[in-house]
Amino acid sequence: MIGRLNHVAIAVRDIGAASDVYRGTLGAEVSAPEQLPEHGVTVVFISLPNTKIELLEPLGADSPIAKFLEKNPDGGIHHICYEVDDLGAARDRLIKTGARVLGSGEPKIGAHGKPVLFLHPKDFFGTLVELEQA
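Reference entry: report on the structure contained in this document. (Residues numbered from 1 in each chain as written. Predicted model: local features only at pLDDT ≥ 70, side-chain atom pairs only at ≥ 80, totals over all residues. Heavy atoms only, no water.)

**Observations concerning the overall build of the protein chain**
Moving on, step 1. What the protein chain contains, in helices and strands, is three helices and nine strands.
Moving on, step 2. Its helices and strands in sequence order give the protein chain the pattern β-α-β-β-β-β-α-β-α-β-β-β, from N to C terminus.
Moving on, step 3. Since a compact globule built from 134 residues should have a radius of gyration of about 14 Å, the 15 Å found for the protein chain is in line with a globular shape.
Moving on, step 4. In terms of principal-axis extent, the alpha carbons of the protein chain reach across some 45 × 35 × 25 Å. (Helix = DSSP H or I, 4+ residues; strand = E, 2+ residues; numbered from the N terminus. Rg over C-alpha atoms; globule rule 2.2 N^0.38 Å.)

Okay, structure coming up:
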């Protein structure tokens, strides 16, 4: 059901400083910051030959990333994202197996302009999983 790894998301307090480290220290290609108010985050993507790293900075105090950073003051890995060919079919299959889809269960448009869903970390060994329509 799951396809390729789309990205690994890392929560950071200062997306500019984190971008500078990836760009300057590691020599990575870093996208321009993009605000996603519907998700409560500002994002940048670091392009790698086989996947991406997504840096997430909270956009407001109610951001899920702000809550994550309260528990993890230094930041860290927030979630992993897998591509799926049919997001609706994947969601229905997961629900039938007992996995919990976060929110209403209806996809939202993610940072790549494609529908996404998040799966409860307790169902995946403590890891928040994002599924993105391929």
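**So, the nonpolar core**
Moving on, step 1. With 22 residues, the main nonpolar core has Val12, Ile46, Ile53, Leu55, Leu119 and Leu131 as its most contacted residues.
Moving on, step 2. Among the elements of the structure, β1 (2–11), α1 (15–25), β4 (41–47), β5 (52–58), β6 (76–84), α3 (87–96), β8 (115–119) and β9 (128–133) are those that each provide at least two residues to this core.
Moving on, step 3. Considering each element in turn, this core owes the most residues, three residues, to α3.
Moving on, step 4. Sequence-distant contacts of Leu119, defined by excluding residues within four places in its chain, comprise Leu94, Arg100, Val101, Leu102, Phe124, Leu128, Val129 and Leu131.
Moving on, step 5. Grouped together as the second largest cluster of nonpolar side chains are eleven residues, Ala9, Val41, Leu56 and Ala111 included. (Core = buried A, V, L, I, M, F, W, Y, C linked by side-chain atoms within 4.5 Å. Buried < 20%, exposed > 50% of the residue type's maximum accessible area, 1.4 Å probe, protein only. Contact = heavy atoms within 4.5 Å.)

**Things to note about the pairing of β8**
Moving on, step 1. Of the strand pairs in this sheet, strand β7 (residues 108–109) and β8 are connected by two bridges, and their pairing is antiparallel. The residue bridging Lys108 from the neighbouring strand is Val116, located in β8.
Moving on, step 2. Remark: five residues form the turn of the hairpin made by β7 and β8, two consecutive strands paired antiparallel; Gly113 in that turn has positive phi of roughly 80°. (Pairing = 2+ DSSP bridges.)

**Some points on unusual backbone geometry**
Among all residues save glycine, negative phi is the norm, and among peptide bonds the norm is trans.
Moving on, step 1. The phi angle at Phe125 is positive, at roughly 60°, despite the residue not being glycine.
Moving on, step 2. Positionally, Phe125 belongs in the loop between β8 and β9.
Moving on, step 3. Among the residues examined, Phe125 registers a relative accessible area of 83% and is labelled exposed.

**Some remarks on the side chain of Asn6**
Moving on, step 1. Within the fold, Asn6 resides in strand β1.
Moving on, step 2. According to the relative accessible area criterion, Asn6 is buried, its value standing at 2%.
Moving on, step 3. Excluding residues that lie within four positions of it along the chain, Asn6 makes contacts with Thr51, Lys52, Cys81, Tyr82, Glu83, His112 and Glu132.

**Focus: the pattern of salt bridges**
Moving on, step 1. For the structure shown, the criterion picks out five salt bridges.
Moving on, step 2. The partner of Glu83 in a salt bridge is Arg4, with the nearest N and O atoms 3.2 Å apart. Within this pair, whereas Glu83 is found in strand β6, its partner Arg4 is found in strand β1, the two being separated by 79 residues in sequence.
Moving on, step 3. The class for Arg4 is partly exposed, based on a relative accessible area of 41%. (Salt bridge = Lys/Arg side-chain N within 4 Å of Asp/Glu carboxyl O.)

**Thoughts on α1**
Moving on, step 1. Looking only at α1, the buried set comprises Ile15, Ala18 and Ser19. An end-on view of α1 places all buried positions within 100° of arc, on one side of the element. Looking at α1, the residues exposed on the side facing more than 90 degrees away from the buried face are Gly24 and Thr25.
Moving on, step 2. Against the buried residues of α1 lie β2 (29–30), β4 and β5.
Moving on, step 3. Two or three places before Gly16, at the start of α1, stands the capping residue Asp14, its side-chain oxygen 3.0 Å from that residue's backbone nitrogen.
Moving on, step 4. Looking at the residues trailing α1, positive phi occurs at Gly27, about 70°. (Arc of directions from axis to C-beta. Polar contact = N/O pair within 3.5 Å; in protein donor to acceptor, adjacent residues only side chain to side chain.)

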